[in-house]
Amino acid sequence: MSRKRTRFGALALAGALLLGACASDDSSSTEGTDNGGTTPEVEESSSVIQAGWVNETDLETTQGGTLDVTLPAAPFGLDPTVASLGVTTGGAPLAALYDTLLRWDPLTNEYSGQLAESIESNEDFSQWTLKLRDDVVFSDGTPLDADAVEFSVERMRNGRGSAATYPEYIASYDKPDAQTVIFNMVEPLNNFDALLAGELGYMVSPTAVAADPDGFNTNPVGAGPFVVDSFNAQEALVVVRNENYSLGTPPLDSIRFVWNPEQGASVDKMVNGETDVAMLTSVPEEVRAIEEGFAAYSQLVAGSGMAINSAPDRAFPGDDPRVRQAISLALDRDAINARVNNDQGIMGDFYFPPSSPLYTEQPFSAFDADEARRLVEEVKAETGWDGSFELLTPVPTDYALSYQALLNNVGFDVTIDQVASFLELVERTNFTSNFDVSIHVITAYETNVYQSLARSLTSDSASNYSGYANPEFDAIVEELRTASVPDGQAEVLGRLGELWLDEQPFVLTGAQPFTTITTQQVGGLMPTVNGLLLFGEAFKV
């Protein structure tokens, strides 16, 4: 098994060369920076939405100004152990405040240093050695050294964020010097670098945490390109340039983050020149923005659909696989796509979409209304259950209404339970398991396929919000730890799909595009893992 190696290059220069080269049809161009690059080659699709950038800008970097960013929901807070780290909520502000240790390049599928210099694994991925640069400091001037890395990673343990389970992969740390951290894994793990390029790579100042642990959630200290100027959870977060940023002076003076659950209104703000960047999950609004000519960066997130509460001893019998199967079989994904997305969504019976190297011919779901109806009647007759359950949904309710009609058609009695925001849905689903069925996303990217499944659906995971438990399922997921990328992972996923058809631990309906749209006056945003964009080189002309 070959070992993985990444090296820190001249980041600003390399970023400028890459972005400039991909900005136009002239691939030899190296002047200026742009929004990120051309879309990787994928299978032809009729959808306007494609993975990567469309309508790229080709701009020369300018200095100064404020970037206005609109999110669908406010973050829970600014501490990585507390915040929701999704790209459309806390992910964007936290990337601005913390940056990451490593960066993933979606064009090359390679990792490079960001705040760190490099990372290297041994032959079997049981040990990873992180090399730090000797000039990186937090915004309070204290060093980002080996002790700070261990402190930050361990502090994530048992938090509320999506990285809360990741420290469990680490058995011990060796720190031979201030610029080196050796992570000794509990078991071999083939993508630990991906975790440090995402949420586990958010480093916090140990000095600042010790000085004000209670206030850190609203006034954090990281090593990213920006620091908090003001934060009002009801209104806005304003961040200003970090004068101690170790990767150079950020072009922007400040960024202002606001939130609006009505994504159509967010696109209207773009059209009217009231915001520079908007982050979207609504396919019709993403399509509208692209057709308006705005630059757009999309990552297709696998695992979109519905979470089913499978905990026993509930009035809703989600622990019965026949109920889970019936919910999945009732859904005509093509009809849903036509009704909700004007046929522009990426929906189907897959886990990863056909454009992904992790796509499998093995389906994960099927549509058969007659079989769904038979299963519902069978469970009703055996248990006395009346077929009723609540479907938890955020705004808008377009998917929920479509699901409701199809589910009621096979004998369910579905009531829509609407919450005001994504954050409230996450609170109800992920943190309190206060739901029957919830419109949800497993949030699987090609870089975190093992973690997304292990975290959400394996029996012993502290983050398993559905209560689903199956040792056979667990064993197949565990193989993803060391499977080769992508062929070995695709083979494992194919076998998982065979089991998924019978078990339906989560009802899959397609891939969810997470899309960041910008005006043609914005450049320098740098994509990395999990749909995140880094702001250290962002600018506005």
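Residues numbered from 1 in each chain as written. Predicted model: local features only at pLDDT ≥ 70, side-chain atom pairs only at ≥ 80, totals over all residues. Heavy atoms only, no water.

**A word on the packing of aromatic side chains**
Within this structure, the stated rule accounts for 22 aromatic pairs. Seen from their ring centres, Trp53 and Tyr297 are 5.2 Å apart, and the 50° between their planes marks the pair as tilted. A residue pair is termed long-range when its members are at least 10 positions apart, and Trp53 in strand E3 (residues 52–54) and Tyr297 in strand E16 (residues 295–308) qualify at 244 residues. Its relative accessible area of 2% is what places Trp53 among the buried residues. (Phe/Tyr/Trp six-rings, centres within 6.5 Å; stacked < 30°, edge-to-face > 60°. Helix = DSSP H or I, 4+ residues; strand = E, 2+ residues; numbered from the N terminus. Buried < 20%, exposed > 50% of the residue type's maximum accessible area, 1.4 Å probe, protein only.)

**Quick look at the pattern of salt bridges**
In total, this model carries 23 salt bridges according to the counting rule given. Here Arg288 ties to Asp268 by a salt bridge, and the two come within 3.1 Å at their closest N and O atoms. Highlighted residues: Arg288 in helix H7 (residues 283–291) and Asp268 in helix H6 (residues 263–271), separated in sequence by 20 residues. Where Glu285 meets Arg288, a salt bridge forms, and the shortest distance between an N and an O atom there is 2.9 Å. Within this pair, Glu285 and its partner Arg288 are both found in helix H7, separated by three residues, close to a single helical turn. Three or more residues joined by partner-sharing salt bridges are found here, namely Asp320, Arg322, Glu371, Arg374, Glu378 and Glu382. (Salt bridge = Lys/Arg side-chain N within 4 Å of Asp/Glu carboxyl O.)

**Let's talk about the nonpolar core**
By size, the foremost hydrophobic cluster in this structure holds 108 residues, and its most contacted members are Leu130, Phe183, Phe192, Phe257, Tyr351 and Trp500. Looking at this core, the element that brings in the most residues is helix H2 (residues 91–98), giving six residues. For Leu130, the residues in contact, after removing those within four places along its chain, are Leu101, Leu102, Ala116, Ser118, Ile119, Val149, Gln179, Thr180, Val181, Phe183 and Leu196. (Core = buried A, V, L, I, M, F, W, Y, C linked by side-chain atoms within 4.5 Å. Contact = heavy atoms within 4.5 Å.)

**Observations regarding H7**
What H7 keeps buried is the set Val283, Glu285, Glu286, Val287, Ala289 and Ile290. Considering only its buried residues, H7 is in contact with E3, H6, strand E15 (277–280), E16, helix H9 (333–341) and strand E21 (506–518). In the segment just after H7, Gly293 is the residue with positive phi, at about 95°.

**Points about the confidence of the model for the protein chain**
Averaged over the protein chain, the pLDDT score is 89; the fraction of residues at 70 or greater is 90%. Note on residues 1–44: pLDDT under 50 across the span, and 113 contacts to partners over four residues away in sequence or across chains. (pLDDT = per-residue confidence, 0-100.)

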